[in-house]
Amino acid sequence: MPLLVIHQYLTTYLVFGAMLFGFGIYGLVTRRTLIGMLIAAELMLAGVSINFMAFNRFLAPDPSVGQIFTLFIMAIAAAEAAIGLSIVIAVYRHFKTVDTEDLINLKG
Amino acid sequence: MNGPDVIVQSPALFTADGLVGLIFLIMIAVTLAGAYIAATSERLVRAVAGLVVCFVGVAGMYYFLNSPFMAMMQVLIYVGAVCITISFAIMLAAPEQKKKSGPSNLLSGPLGFMVAALVFGGMATLALRTEWQSFPKTSMGSVREIGIQLLTSYSMVFELISIILLIAIIGAIVIARGGRS
C-alpha cells in the first residue's frame, strides 16, 4: 500500500496499537519502580483503546459503540490511576521507597 | 485486507490528501518516540513527559478515526488528569534518584524485550493475516448518537462506571490518608 494513504487502512491502526501494547509490556517487565510500572500499564491501555477505535471506525455497523467502550476504558483507567497512585503513596510512607526490590514483606 | 473507502492510489505530496498522509506519518513517529521514552527512560519525570507526548499522538489518531469527541476526551482525561496525577505522585513518593530505574539485572532487559517483541509480532501477524469483514454503517457515530446510546442501551454501564469512579475517589482518599488521624 502507498505510504501516504496508510491512514485509510484498518491494519495500520491495529499494528500501531500492538506496538504501543508491546512498549507497555516491555516497560511493565523491566521497570523497577511502582510508578514506572503504572506508566507502562497506561501505555498498554492506550494501545487497547486504539484497537477499539479502529474496529469502531472500519468494521462496526454502529460507530458509536466503540467510542462508548473507549470512554469506559478511560474512566476505568482514571480510577486505576487514582487507586494505584494512592497505594504508591501509602507504600512510600510505610517503606520509604517505591523500589519493587525493597518491598519484600510478603516474600517467603 | 480491508481497503480504504474512497481512493487507493497515492496522492501527490503537496495536495490536501498528501499533507494529511504526511501529518499522519509524523504523528505515528512522534507517538512511538513518546512511548519509547515512557517505557525506557531512566528518570520517571521524563517517562511522564514521554507519556504526555504519546497520549497527544493517540488523540490525533482518534481524530483520524472520525472521532474528534474522543480526541478531546483523551487530551482532557489522560493528559490533563492522569499524567498530572502521576507527576504529583512522583513528587510525593520518589524523591531520590540514586538508584537507576532501568532493568534490574542483565538478563531482564533482553528477556523483557523478547516477550514484548513476541506479543507485538503475534498481534501484528494476526492483524495483517485476518480477512476483516466490514458491515454497512447504520449510523454516523456522532456525539449526539453517543449521548443517546449512553442514556438508553448503556445506561446501566453508565451508572456502574459512575459508582466505580465514586468508590475509587473515596478509596484513594482513605488509602493515601491512612495513618494520619
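Residues numbered from 1 in each chain as written. Chains lettered and ligands numbered in written order. Predicted model: local features only at pLDDT ≥ 70, side-chain atom pairs only at ≥ 80, totals over all residues.

S.K.: Explain the overall build of chain A to me, please; I cannot follow it from the model alone.
M.R.: Helix and strand counts for chain A stand at 3 helices and 0 strands. Overall, chain A shows an N-to-C arrangement of helices and strands of α-α-α. Since a compact globule built from 108 residues should have a radius of gyration of about 13 Å, the 18 Å found for chain A marks it as more spread out than a globular shape. Projecting the C-alpha coordinates of chain A onto the three principal axes gives extents of approximately 55 × 30 × 25 Å. The buried share among the 108 residues of chain A stands at 58%. (Helix = DSSP H or I, 4+ residues; strand = E, 2+ residues; numbered from the N terminus. Rg over C-alpha atoms; globule rule 2.2 N^0.38 Å. Buried ≥ 20, exposed ≤ 12 C-beta atoms within 10 Å, placed from the backbone.)

S.K.: Explanation requested: the environment of B:Ile170 in the structure shown.
M.R.: Looking at the element boundaries, B:Ile170 is found in helix α6 (residues 155–177). Between the C-alpha atom of B:Ile170 and that of B:Val79, which follows or precedes it by 91 residues, the distance is 22 Å.

S.K.: I'm lost on the packing of helix α2 (residues 44–64) of chain B against helix α3 (residues 68–93) of chain B in this one. Help?
M.R.: Residue and element names in this part refer to chain B. Orientation of α2 relative to α3, taken along the N-to-C sense of each, is 175 degrees, at an axis distance of 8 Å. When the axis of α2 is compared with that of α3, the two are roughly antiparallel. Here Leu44, Val45, Val48, Leu51, Val52, Phe55, Val56, Val58, Ala59, Gly60, Tyr62 and Tyr63 of α2 come into contact with α3, specifically with Pro68, Met70, Ala71, Gln74, Val75, Tyr78, Val79, Cys83, Ile86, Ser87 and Ile90. Its residues placed into classes, the contact of α2 with α3 shows 20 nonpolar, 3 polar and no charged. (Axes fitted to C-alpha atoms, helices over the stretch in contact; angles between N-to-C directions. Parallel < 35°, antiparallel > 145°, perpendicular 65-115°, else oblique. Contact = placed C-beta atoms within 7 Å. Nonpolar A, V, L, I, M, F, W, Y, C, P; charged D, E, K, R; others polar.)

S.K.: Just checking my understanding: could you explain the interface of chain B and chain A for this structure?
M.R.: How large an interface is tends to be reported as the accessible area lost when its parts come together. Each partner contributes residues to the interface: chain B has 90 residues there, and chain A has 69 residues. Broken down by secondary-structure element, the contributors of at least two residues to the side of chain B that touches chain A are α1 (16–40), α2, α3, α4 (108–129), α5 (143–151) and α6 of chain B. Sorting elements by how many residues they give to the side of chain B that touches chain A places α4(B) first, with 13 residues. Taken together, the residues that form the side of chain B that touches chain A break down as 63 nonpolar, 23 polar and 4 charged.

S.K.: Looking at this model, I keep getting lost on the nonpolar core. Mind explaining?
M.R.: What tends to happen in soluble globular proteins is that the nonpolar side chains get buried as a cluster. Formed by 72 residues in total, the largest nonpolar core has its most connected members in A:Ile35, A:Ile39, A:Leu43 and B:Ile86. At 14 residues, the largest contribution of residues to this core is made by helix α2 (residues 34–58) of chain A. Each of two domains, domain 1 (1–95) and domain 2 (139–181) of chain B, supplies a minimum of three residues to this core. Setting aside residues no more than four positions away along its own chain, A:Leu43 makes contact with A:Leu20, A:Phe23, A:Gly24, A:Gly27, B:Ala35, B:Ala38, B:Ala39 and B:Cys54. (Core = buried A, V, L, I, M, F, W, Y, C linked by C-beta atoms within 7 Å. Domains from an automatic or database assignment.)

S.K.: Help me understand the environment of A:Gly22 in this model?
M.R.: As for its position among the elements, A:Gly22 is in helix α1 (residues 10–30). Counting along the chain gives 25 residues from A:Gly22 to A:Gly47, while the straight-line C-alpha distance between them is 8.7 Å. The contacts of A:Gly22, once residues within four sequence positions are left out, are B:Ala116, B:Ala117, B:Val119 and B:Phe120.

Treat this as a map of the structure, not an account of what it does.
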